[in-house]
Amino acid sequence: SHFVSTAPAARRCLAQTQLLGSLCAPMSAVCAERQSKSPNERMEQKELVASVTVWTLAGRELAVVSPVPKDVASLKAVISAQCGIPVALQRLVEQDGNRVLDDGDASLQLECSGFLLVVDEAPMFSWDHTENPCHAQLQIDGGVVKCPELRVDFVNVITKEPMRSGVHYFQFKMDHIGDEQWCGVVADPGQAGQSVPGRFLTAWAYYCGRMGTRFSSIVDGLGSLHAQGHAVKQFAKLQPAGDVIGMLVDLDRDVPAIAFELNGTLQGACPIPKDTPLWVLTVVDTSQDHVELVKLPLADAPQESIEALRGALLEVSQGTKLTGWVGDAPDIDDIPPESWSSSGSDCEL
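Residues numbered from 1 in each chain as written. Predicted model: local features only at pLDDT ≥ 70, side-chain atom pairs only at ≥ 80, totals over all residues. Heavy atoms only, no water.

Peer 1: Report on the pattern of salt bridges, specifying residues and quantitative values.
Peer 2: Counting across every chain of the model gives 9 salt bridges. The partner of arginine 210 in a salt bridge is aspartate 179, with the nearest N and O atoms 3.3 Å apart. With a gap of 31 residues between them, arginine 210 in the loop between strand 11 (203-207) and strand 12 (224-227) and aspartate 179 in the loop between strand 9 (167-176) and strand 10 (182-186) connect regions that are remote in the sequence. Note that arginine 199 and aspartate 220 form a salt bridge whose closest N and O atoms lie 3.5 Å from each other. Note that arginine 199 is positioned in the loop between strand 10 and strand 11 and aspartate 220 in the loop between strand 11 and strand 12, a separation of 21 residues in sequence. Salt bridges sharing partners connect three or more residues here, namely Asp179, Glu180, Arg199, Arg210 and Asp220. (Salt bridge = Lys/Arg side-chain N within 4 Å of Asp/Glu carboxyl O. Helix = DSSP H or I, 4+ residues; strand = E, 2+ residues; numbered from the N terminus.)

So this is what it looks like as structure tokens:
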């Protein structure tokens, strides 16, 4: 239905413009006819416009908005309320395909009383730099995060936008792991920064293991599934560089589920919350850490992972309790000081 782009930003904008231009010829003719009229005729026509129609690229009418909103941001808010498409994922394009409307546009240009909606999922696999409490210590470029200026023990990094529905396949390209890392999803965006250590996270994550140690516990040392305060099952331990974690998330099942694989080999699958937005998570732990997040077509997901979501899921509650995990609403006062960064809780140190 909607065009979904996972290309880098520059190529994505160019591709959208080319694609829209090729698909919108019939509507372009209507716009051209309106714009050929005299200024007085166009003014009279604008006064008669009582609604704005939003279309998909396939030509399906998605929404009719009336009265006409005052600006682009207001129109996106109405579309979100009517259709459930988050504002951050919306790209509105003039019917002739020549211009993507900017949220900063002061007013809608209504010579054409309709727009095309492009759903752009980039915020779902782009790390959030601005809102992270430790942003000054992070270097982020889309889905790539580095932290050469890291001055605290760890930083939890989440995406700009959560998944709310659908089936999604991600890969974490682990270019360097200095100590420990967790890669998965969280339900609480307030866990970004360094306020919640990895074993206290309300998360469903692939624990990569601890580099350079012989610890033999799925709580600390070995690779494993860490979910809802439990070390559930041993997973393959990652190497310090070069491995790829695959993550398949299905939010449309009666029992939503997540499956993890390493370099294409299934590790395990477990249930995740229903009707709950989920942000993608990674944790940087040393100044050399380097992670790249990408979102790929479902056709690229291993068949083994797809089948795992349909089969018996791991029982999270049967796992080993992660010492000190305090449930869905962590109270910072309950977290032992030794679990915190040696630099304290202030990311601006």
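There is more to say after this.
Peer 1: If you had to explain the environment of alanine 259 to someone new, which residues and values would you point to?
Peer 2: When you line up the elements, alanine 259 lands in strand 15 (residues 257-262). Its relative accessible area of 0% is what places alanine 259 among the buried residues. With sequence-adjacent residues up to four places away left out, alanine 259 is seen in contact with Gly246, Met247, Leu248, Leu266, Gly268, Ala269, Ser305 and Leu309. (Buried < 20%, exposed > 50% of the residue type's maximum accessible area, 1.4 Å probe, protein only. Contact = heavy atoms within 4.5 Å.)

Peer 1: Residue-level account of the nonpolar core, with values.
Peer 2: Judged by nonpolar contacts, the single largest core of 57 residues is most densely connected at Leu92, Met163, Phe172, Met174, Ile245 and Met247. Leave out the neighbours within four places in its chain, and leucine 92 touches Val54, Val72, Leu75, Lys76, Ile79, Arg99, Val100, Leu101, Phe115, Leu116 and Leu117. Counting 14 residues, the second-largest nonpolar core is a separate cluster that includes Ile158, Phe200, Ala203 and Val283. (Core = buried A, V, L, I, M, F, W, Y, C linked by side-chain atoms within 4.5 Å.)

Peer 1: So what's going on with the sheet that holds strand 11? Residues and values would help.
Peer 2: One open sheet holds the 7 strands; their spatial order is 8-17-10-11-12-13-19, and the pairing between them is antiparallel. Each of the sheet's edge strands pairs with one partner strand only, and the pair in question is strand 8 (155-158) and strand 19 (320-321). Both strand 10 and strand 11 contribute to a ladder of 5 bridges, which runs antiparallel. Bridging from a neighbouring strand, cysteine 183 pairs with tyrosine 206 of strand 11. (Pairing = 2+ DSSP bridges.)

Peer 1: How would you sum up the packing of aromatic side chains? Please name residues and give values.
Peer 2: Inspection of every chain in the model, using the stated rule, returns 4 aromatic pairs. Arranged with centres 4.9 Å apart and planes meeting at 35°, the rings of tryptophan 182 and tyrosine 207 form a pair that is tilted. Placement of tryptophan 182 in strand 10 and of tyrosine 207 in strand 11 is noted, with a sequence separation of 25 residues between them. With a relative accessible area of 0%, tyrosine 207 lands in the buried category. Consider the rings of tyrosine 206 and phenylalanine 260, whose centres lie 6.1 Å apart with planes at 90°: the pair is edge-to-face. With tyrosine 206 in strand 11 and phenylalanine 260 in strand 15, the pair connects residues that are 54 residues apart, well separated along the chain. One aromatic cluster is present, built from ring pairs that chain together Tyr206, Phe235 and Phe260. A cation over an aromatic ring shows up here: lysine 295 above the ring of phenylalanine 170, its NZ or CZ 5.8 Å from the ring centre. (Phe/Tyr/Trp six-rings, centres within 6.5 Å; stacked < 30°, edge-to-face > 60°. Lys NZ or Arg CZ within 6 Å of the ring centre and 35° of its normal.)

Peer 1: Kindly report on the pairing of strand 13 (residues 230-234), identifying the contributing residues and their values.
Peer 2: In the sheet, strand 12 pairs with strand 13 via 4 bridges, with the strands oriented antiparallel. Within strand 13, the position partnered with leucine 225 by the bridge is lysine 233. Counted between consecutive antiparallel strands, the loop separating strand 12 from strand 13 contains 2 residues, among which glutamine 228 sits at a positive phi close to 50°. Bridge count between strand 13 and strand 19: 2 bridges; the pairing is antiparallel. Across the sheet, the residue bridging to alanine 231 is threonine 320, located in strand 19.

Peer 1: Got a sec to walk through the sheet that holds strand 7 (residues 144-146)? Specific residues and values, please.
Peer 2: A sheet is described by the order of its strands in space; here 7 strands give the open sequence 6-7-18-9-14-15-16, paired in antiparallel fashion. Every interior strand has two partners, whereas the edge strands, strand 6 (139-141) and strand 16 (265-271), have only one. The average angle at which neighbouring strand axes cross in this sheet is 15°, direction not considered. Bridge analysis of strand 14 (residues 243-250) against strand 15 gives 6 bridges, and the strand direction is antiparallel. Bridging from a neighbouring strand, methionine 247 pairs with phenylalanine 260 of strand 15. (Axes fitted to C-alpha atoms, helices over the stretch in contact; angles between N-to-C directions.)

Peer 1: Which residues make up the confidence of the model for the chain, and what are the values?
Peer 2: On average, residues of the chain carry a pLDDT of 80, and 75% of them reach 70 or more. For residues 39-48, every residue scores under 50 in pLDDT, and the model assigns this stretch 7 contacts once sequence neighbours within four places are set aside. Considering only residues more than four positions removed or in separate chains, one finds that residues 325-345, a stretch of pLDDT under 50, has 34 contacts. (pLDDT = per-residue confidence, 0-100.)

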